[in-house]
Each structure stands twice: as C-alpha cells, then as structure tokens.
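Here are the chains, one letter per residue:
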There are 2 protein chains.
Amino acid sequence: MQGPRTVAEQVANVLREAIASGTIKAGTSLRQDELAEQFGFSRMPIRDALRQLEAEGIVSIHPTKGAQVARMDGAEIGEIYALRELLECEALRLSLPNLAAAKLDEAEQVLDQIDAERNVGRWGALNRAFHLALYDACGNHRLLGLIEAHHNAADRYVRILLSNLDYRSRSQTEHRDLLAACREREGDEATSILRQHLREGSETLVGAIREDGLSRKS
Amino acid sequence: MQGPRTVAEQVANVLREAIASGTIKAGTSLRQDELAEQFGFSRMPIRDALRQLEAEGIVSIHPTKGAQVARMDGAEIGEIYALRELLECEALRLSLPNLAAAKLDEAEQVLDQIDAERNVGRWGALNRAFHLALYDACGNHRLLGLIEAHHNAADRYVRILLSNLDYRSRSQTEHRDLLAACREREGDEATSILRQHLREGSETLVGAIREDGLSRKS
DNA sequence: ATGTGGATATATGTATGCCTGTATACTCCG
DNA sequence: CGGAGTATACAGGCATACATATATCCACAT
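Calculation criteria
Note that residues are indexed from 1 along each chain, following the sequence as it is written. Lettering for chains starts from A, numbering for ligands starts from 1, and both go in the order in which the items are written. In view of the model being predicted, local features appear only for residues whose pLDDT reaches at least 70, and side-chain atom pairs are presented and counted only at 80 or more, with totals across whole chains, interfaces and linings using the full set of residues. Excluded from the side-chain calculation are hydrogens and water; included are all heavy atoms of the structure. Copy-to-copy superposition: least squares on the C-alpha atoms, limited to residues that have pLDDT of at least 70 in both copies. We call a residue near a molecule or strand whenever a single non-hydrogen atom of that residue lies within 4 Å of it. Polar contacts, as used here, are pairs of N or O atoms within 3.5 Å; protein pairs need one atom able to donate a hydrogen and one able to accept it. Residues neighboring in sequence count only if both atoms are side-chain atoms. Helix and strand definitions follow DSSP, with helices as H or I runs of at least four residues and strands as E runs of at least two, each counted in order from the N terminus. Asp, Glu, Lys and Arg are counted as charged, while Ala, Val, Leu, Ile, Met, Phe, Trp, Tyr, Cys and Pro are counted as nonpolar; the rest, among them Gly, fall into the polar class. Two strands qualify as a pair provided that DSSP identifies no fewer than 2 bridges between them. Contacts are assigned to residue pairs with any non-hydrogen atoms lying within 4.5 Å of each other. Helix axes are fitted only over the stretch in contact, all axes being lines through C-alpha atoms; the angle between N-to-C directions runs from 0 to 180 degrees.

Q: Now, about the relation of the copies chain A and chain B: what can you tell me, with residues and values included?
A: Once turned by 180° and shifted 0.0 Å along the axis, chain A lies on chain B with an RMSD of 0.1 Å. Such values leave the two copies arranged in the relation of a two-fold axis. Across chain A, the rotation axis passes nearest the C-alpha of alanine 55 of chain A, at a separation of 3.0 Å.

Below is the structure:
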C-alpha cells in the first residue's frame with residue numbers, strides 16, 4: 001500500500017487523528033500560520049488539508065474567522081447516528097448474502113483485538129474496521145465511503161462512550177451477537193441487532209454530551 | 001442571500017454548472033494553468049475549487065495527473081441511484097408528517113415551471129428544487145446535504161434522460177402523483193411512488209449510457 | 001527493428017509575500 | 001458614563017515564484 005504521496009494528505013491524516021483522539025479539542029481555532037510552523041511546512045498544504053477536513057465535516061471554516069474543529073451538539077450527533085443507522089443497515093443487508101466467511105473471521109479477529117487493546121485511542125479505528133468488514137460485500141463503493149466518512153466525523157465523540165466501561169462491554173456483547181447472526185446469515189436478525197446497537201450508542205452519547213456540557217454555544 | 005464571497009467558490013460554481021450542462025464533457029482534463037488563464041485568476045483559487053468539486057464527487061484528482069471530470073459508468077450511476085433511493089425515501093418519510101402545506105404549494109409551482117421551461121439546462125435545478133422541497137421538513141440537515149450532493153454528482157447524466165421526451169412526460173406524471181400522495185399524507189404510497197420514480201430513472205439512464213457508449217474505459 | 005534507458009518538457013505540489021476584510025480596542029463626543 | 005466611530009492589528013485569500021515527479025520522446029544498443 002502506498003502511503004500519502006502529498007504533504008497535504010499527511011497533514012490531513014495527522015490532524016484527523018489528533019482531532020479524533022481528542023488531542024485537539026472541539027472548538028479549537030486552527031490557525032494556518034500556527035499549524036504551518038508546527039508541521040514545518042508552508043500554509044498551502046495546511047490549507048489543502050483543512051479544506052479536505054472541512055469536506056469530511058470534521059472542521060468548519062468560517063470566512064475570515066478561520067477553521068475550527070467542528071463542535072457538535074446533541075442534535076448533530078443524533079443526525080449522524082440516524083444516518084449511520086440508515087446507511088449501515090442497508091449496507092449490511094446488501095452485503096450479508098455475498099459476504100465471504102473469511103471476512104467474518106477477519107471481523108472476529110478485530111473483536112478480539114478490541115478486547116485486548118488497552119489504548120483507547122485505537123478503539124475507534126478497530127470499531128470502524130469491524131463494522132466495515134461486515135459491509136465489505138455490499139457492492140456499493142459510495143455507500144461504504146459515506147459510512148466511513150460518518151465514522152470519521154463522529155470518532156472523537158464515540159470515545160466519550162469508552163469512559164463508560166459498562167457501555168464498552170455491552171457494545172462488545174452486541175458486536176458478538178451481530179457477528180453470530182451474520183454467520184447464520186440471519187439478515188433480518190443481524191440488521192435488527194445493528195439498529196439497536198446504534199440506537200444505544202446514540203442515546204448514550206447524546207446523554208453524555210448533554211450532561212458533560214460538551215456543547216457550549218459558540 | 002449573499003453570493004459566493006470567495007473567488008474559489010465562484011469558480012467552483014461556474015465549473016459545476018459547466019460540467020452539469022455538458023459544456024465540459026466527461027473525462028476532460030482540467031489543467032490548473034489553463035483554467036487560471038481562462039478565469040483570469042491565479043492557480044490557487046482554481047486549486048481550491050477543484051478540491052471542492054472533488055469532495056462533491058464531480059471531478060477526480062490523481063496526484064501529478066491532474067483533475068479530470070469524473071467519468072461515470074453504468075455501475076457508478078446505479079450506485080448513486082441506489083443511494084438516492086435510500087436517502088430520499090427516508091427523507092420523505094421523515095418530512096411528510098411535518099411538511100407545511102405551503103411547501104407543497106411551492107413544490108407544485110416548481111412542477112409548473114418545469115412544464116413551462118424550454119431550456120433543458122435549467123431542468124436539473126428545478127428537478128432538484130422539487131425533490132428538496134418535499135424533504136424540507138425531514139429535520140436532518142446532513143441528510144439533505146447528502147441528497148443535494150448526489151443530485152449534483154449525477155446532474156449532467158440526468159440530462160441524458162431529457163433527450164427522451166417520453167421519459168420527461170412520464171417523469172412529470174410521477175412527480176404529480178407523488179405530490180398528490182403527499183397532499184393526502186399517504187406516507188407509504190408517496191414513498192412507493194418515489195422509489196418507483198427513481199428506479200425508472202436509474203434503468204433508463206443506465207440503458208442510455210450503455211448504448212450511447214458514454215462510458216469509455218479510461 | 002525493437003526495446004530500453006535517459007533526458008526534457010509539462011503540470012502539479014509547495015513556498016513566500018502582499019493585500020484585503022473583519023474584529024477589536026481605544027478615543028472622542030453626546 | 002455610555003455609545004459610536006475610527007484606527008490598528010491579525011488572519012486568511014490570492015498572486016507569484018520555485019521544486020519535483022511523471023510522462024513522453026528520442027537515441028542508442030542489442
């Protein structure tokens with residue numbers, strides 16, 4: 001696999017990860033000069049990277065106000081999860097009949113990795129990998145792209161859920177139930193579990209955001 | 001309403017319209033220098049505009065190979081229409097119970113405009129306006145954004161359908177059936193009509209692309 | 001004659017500098 | 001003392017200039 005060939009892509013990847021991991025908090029202003037100096041490049045690649053992240057919905061660029069990490073309130077999270085439910089259930093429904101058993105084994109290995117992983121920073125990527133493995137055979141590249149985009153957009157908020165260890169174990173239980181249903185090719189059952197899984201995540205997350213006051217008005 | 005405040009946005013709008021209208025054909029290389037000279041600006045705003053259009057899926061940028069108008073084959077069109085079906089049916093389902101009667105009147109006026117419009121170039125925008133009016137009250141801004149993005153991505157191909165006047169009149173009939181179902185708040189009926197409408201569009205379009213040889217291999 | 005290798009040209013990526021617009025703070029006037 | 005207007009500073013958009021990678025073409029060798 002060829003790594004990012006352009007500086008802008010590297011910067012975008014680093015920023016995306018930094019934002020997802022919470023190193024850069026929501027609402028932080030991202031000044032081009034500052035980032036350029038930190039990365040050791042000029043402002044141009046940083047500009048491109050910020051544009052890219054804006055297109056992904058991770059940062060918002062106000063003219064003359066610069067870029068800042070997109071701050072999401074409960075409503076925004078609710079919208080994203082509603083879309084994830086719609087998109088991922090459809091992807092699963094399409095994928096399941098054509099999904100190779102090897103992919104299911106791959107997904108199970110990811111679940112084991114999640115259980116073994118102590119660094120919460122990696123959990124988001126593993127969670128995404130598990131879900132995408134199940135949708136792999138859906139046959140619609142754009143659909144997969146949209147799903148991945150929404151994972152990225154919500155990644156840093158998903159980590160809030162992990163502070164609740166109870167939720168994490170419940171999530172893993174649901175993941176394994178989902179995988180079992182997939183193995184038996186029970187499409188309706190699997191879709192139902194996935195929908196429930198996402199709704200629990202949404203409710204837990206919205207509740208956590210509301211009470212933690214993570215959504216201050218701009 | 002405030003027009004585009006930055007040159008890059010203006011360029012993006014012009015290019016988007018030129019591509020949608022077929023003035024710039026699929027597969028055309030978009031060289032930054034060339035566009036810069038044509039528009040009378042430097043390459044920087046053009047770069048930003050191309051990045052924007054890439055995010056919208058209208059052009060594809062290969063590093064060092066430049067940007068070229070995204071060429072879509074039948075499979076790609078099929079994916080887009082499958083997504084439109086998923087997204088728009090959901091949006092309609094969510095919107096319909098909360099949709100103001102005034103919006104329905106607005107939608108009907110758009111249909112009248114479509115019948116009266118002789119310039120096929122404007123038909124795409126009117127078609128989009130009609131559909132979006134129906135989804136207006138869905139309560140999910142991101143969902144609306146995705147729908148609009150997919151309209152934009154497929155706009156120039158949708159115009160192929162218009163060369164078939166038979167399809168156009170059939171489309172308008174379906175539009176009015178859909179509107180009637182919406183007025184009576186028949187959610188299931190409306191969704192069903194919309195789904196059928198999109199599937200006919202997809203099939204007609206994919207067939208037209210296949211036979212017209214519009215999808216040459218790169 | 002054909003294939004391979006190198007050189008050149010072209011277009012994109014990147015760097016630096018300037019200009020413009022906006023936000024903020026200070027001053028002056030009511 | 002408060003509000004409004006102006007000036008200044010700061011950040012981003014745009015332009016110009018330079019570097020780099022790739023594709024193509026030509027030449028030479030097999």
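Q: Before we move on, can you summarise the protein's contact with DNA strand D with the specific residues and values?
A: Within the structure, DNA strand D sits among 16 residues, and Arg43 and Arg47 of chain A together with Val7, Phe41 and Ser42 of chain B are positioned closest to it. If you look at DNA strand D and keep only atoms within 4 Å of the protein, 66% of those are sugar or phosphate atoms. Note that a phosphate oxygen of DNA strand D is positioned 2.2 Å from one of the side-chain N or O atoms of arginine 47 of chain A. Within the contact set of DNA strand D, a phosphate oxygen lies 2.5 Å away from a backbone nitrogen or oxygen of valine 7 of chain B. Contributing elements (two or more residues each) for the surface near DNA strand D: α3 (43–55) of chain A together with α1 (7–20) and α3 (43–55) of chain B. Of the residues belonging to the surface near DNA strand D, the class tally is seven nonpolar, five polar and four charged.

Q: Can you break down the sheet that holds strand β1 (residues 29–30) of chain B residue by residue, with the values?
A: All names here are of chain B. Spatially, the three strands line up as an open sheet ordered β1-β3-β2, and their pairing is antiparallel. Edge positions in the open sheet fall to β1 and β2 (59–62), since each of these has one partner strand only. Note that β1 and strand β3 (residues 66–69) share two bridges and pair antiparallel. Bridge pairing in β3 places serine 29 opposite glutamine 68. The sheet contacts of α3 involve β1, β2 and β3, and relative to β2 the element is tilted by about 115°.

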